[in-house]
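For reference, the chains in residue letters:
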Amino acid sequence: MEDFNSETDSDYTSYWRDWFVSSRGNEYFCEIDEDYLTDRFNLTGLNTEVSYYQYALDLVTDVFDLDADDDLREQIEKSARHLYGLVHARYIVTTRGLAKMLEKYKKSDFGKCPRVMCDGHALLPVGQADLPNMSTVKLYCPKCEDIYNPKSSRHASIDGAYFGTSFHSILFQVYPALNPEKSSRRYEPRIYGFKVHAAAALARYQDMEREDLKSRLAEVDIQHRFIEDSESDGDAFEYDEDYAEGRTEPAKNQGQAGDAASAPMEIGN
């Protein structure tokens, strides 16, 4: 990191944070408020997670005055970035942190979903583990509810613990109006206009599982609708009846076939 000169401690702290979040590869991070960084309660337990913890904290909060050699300073700067990331995971689930990440989400700073059916919906960073050094950050699409790898190698190397596993869920709990409607649309492979048998069978299975899930949610008074459900409830009802009949008829035929197979065979003398 470059040596920065400033007239006041506050300016230096702000400048260090500005430098960190504006560095290439750190676009996913938001700037942590100084008051949050200097509150020791928010740092509880991090002293065992970060090497050179006190020096790293001093560097981030601009009270670092150790005359260290280049190797030691490099280690302290690395620890300072790690400390900032761990504090960042805690900060972004606060009211102020959610608001900052929401602004970045609205501007699609985290990228857009690569799935064609999602129509370029904005993504959110998410970790697959809350402990550091377990997995790198992924990108979550709230429309298809799946995760993807970042396009940039700089972003792909960021520790997922710096965002945590709960941030995206908390964001939509606080701002439920921003949670997009889910779509049941999916790509159907065809050969000269005809559905491929294996893919069609998988689609039918997925439809069956989806209807089963909706039924179980309805039993506990949780109503979930896809975008397509609101377009034509009548068609959906007819489809369900046809599907139910299709499910019962094979079972009857199988039962008849089983009875025929188990019946004794008459052999003429």
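What comes next is a walk through the structure. No experiment lies behind these values; they were computed from the predicted model shown.

## Quick word on the overall build of the chain
Line of reasoning, step 1. In terms of helices and strands, the chain carries nine helices and five strands.
Line of reasoning, step 2. Helices (α) and strands (β) of the chain occur, in sequence order from the N terminus, as α-α-α-α-α-β-β-β-α-α-β-β-α-α.
Line of reasoning, step 3. For the chain, buried positions account for 35% of its 269 residues.
Line of reasoning, step 4. For the chain, contacts bridging at least 24 residues in sequence account for 59% of all contacts bridging at least 6.

## Here's the deal with the environment of Met-134
Line of reasoning, step 1. Turning to its location among the elements, Met-134 is positioned in the loop between β1 (124–126) and β2 (138–141).
Line of reasoning, step 2. For Met-134, a relative accessible area of 58% gives the class exposed.

## Re the environment of Leu-102
Line of reasoning, step 1. Structurally, Leu-102 is set in helix α5 (residues 95–106).
Line of reasoning, step 2. The exposure class assigned to Leu-102 is buried, which follows from its relative accessible area of 5%.
Line of reasoning, step 3. A sequence separation of 22 residues divides Leu-102 from Leu-124, and the C-alpha atoms of the two residues are 9.3 Å apart.
Line of reasoning, step 4. Not counting the four nearest positions on each side in its chain, Leu-102 is found in contact with Leu-171, Tyr-175 and Leu-178.

## Quick look at the pairing of β2
Line of reasoning, step 1. With burial as the criterion, each face of β2 is covered, one bearing Lys-138 and Tyr-140 and the other bearing Leu-139 and Cys-141.
Line of reasoning, step 2. As judged from the three bridges shared by β1 and β2, these two strands associate in the antiparallel manner. Opposite Leu-124, over in β2, you have Tyr-140 as the bridge partner.
Line of reasoning, step 3. By the bridge criterion, three bridges tie β2 to strand β3 (residues 146–148) in an arrangement that is antiparallel. By the bridge assignment for β3, Leu-139 is matched with Tyr-148.
Line of reasoning, step 4. The antiparallel pairing of β2 with β3 creates a hairpin that spans four residues between the two strands, and Glu-145 there sits at a positive phi of about 55 degrees.

## Regarding the side chain of Lys-104
Line of reasoning, step 1. Within the secondary structure, Lys-104 sits in helix α5.
Line of reasoning, step 2. Excluding residues within four positions of it along the chain, Lys-104 makes contact with Glu-27, Tyr-28, Phe-29, Cys-30, Asp-109 and Phe-110.

## Comments concerning the environment of Lys-100
Line of reasoning, step 1. Looking at the secondary structure, you find Lys-100 in helix α5.
Line of reasoning, step 2. A residue is classified by how much of its surface remains accessible, and Lys-100, at 18% relative accessible area, is buried.
Line of reasoning, step 3. When the C-alpha positions of Lys-100 and Ile-32 are compared, they lie 9.4 Å apart, and in sequence the two are 68 residues distant.
Line of reasoning, step 4. Here Lys-100 is in contact with Cys-30, Glu-31, Asp-33 and Tyr-91, once residues within four sequence places are set aside.

## With respect to the packing of aromatic side chains
For any pair of aromatic rings, the description consists of the separation of the ring centres together with the inter-plane angle of the planes.
Line of reasoning, step 1. In total, this model carries eight aromatic pairs according to the counting rule given.
Line of reasoning, step 2. Centroid distance Phe-29 to Tyr-162: 6.0 Å. Interplanar angle 50 degrees. Geometry classified as tilted. Residue Phe-29 is found in the loop between α1 (9–22) and α2 (34–38), and its partner Tyr-162 is found in the loop between α6 (153–156) and α7 (167–174); the two are separated by 133 residues along the sequence. With respect to burial, Phe-29 and Tyr-162 carry one shared label: buried.
Line of reasoning, step 3. Seen in terms of ring centroids, Phe-29 and Phe-163 are 5.3 Å apart; in terms of plane orientation they differ by 35 degrees. Their pairing is tilted. Of this pair, Phe-29 sits in the loop between α1 and α2 while Phe-163 sits in the loop between α6 and α7, and the two are 134 residues apart along the sequence.
Line of reasoning, step 4. Judged by relative accessible area, Phe-29 falls into the buried class, the value being 3%.

## Section: unusual backbone geometry
Line of reasoning, step 1. One non-glycine residue, Tyr-52, lies in positive phi territory at about 50 degrees.
Line of reasoning, step 2. When you line up the elements, Tyr-52 lands in the loop between α2 and α3 (53–60).
Line of reasoning, step 3. Although it is not a glycine, Ser-108 adopts a positive phi angle of roughly 60 degrees.
Line of reasoning, step 4. Summarising the element assignment, Ser-108 is placed in the loop between α5 and β1.

## As for the nonpolar core
Line of reasoning, step 1. The biggest cluster of nonpolar side chains holds 47 residues, and the ones touching the most others in it are Leu-83, Tyr-84, Val-87 and Phe-163.
Line of reasoning, step 2. In terms of residue count, helix α4 (residues 70–91) provides more of this core than any other element does, seven residues in total.
Line of reasoning, step 3. With sequence-adjacent residues up to four places away left out, Val-87 is seen in contact with Ile-32, Tyr-36, Leu-37, Leu-43 and Leu-46.

Criteria and cut-off values
Residues numbered from 1 in each chain as written. Predicted model: local features only at pLDDT ≥ 70, side-chain atom pairs only at ≥ 80, totals over all residues. Heavy atoms only, no water. Helix = DSSP H or I, 4+ residues; strand = E, 2+ residues; numbered from the N terminus. Buried < 20%, exposed > 50% of the residue type's maximum accessible area, 1.4 Å probe, protein only. Contact = heavy atoms within 4.5 Å. Pairing = 2+ DSSP bridges. Phe/Tyr/Trp six-rings, centres within 6.5 Å; stacked < 30°, edge-to-face > 60°. Core = buried A, V, L, I, M, F, W, Y, C linked by side-chain atoms within 4.5 Å.

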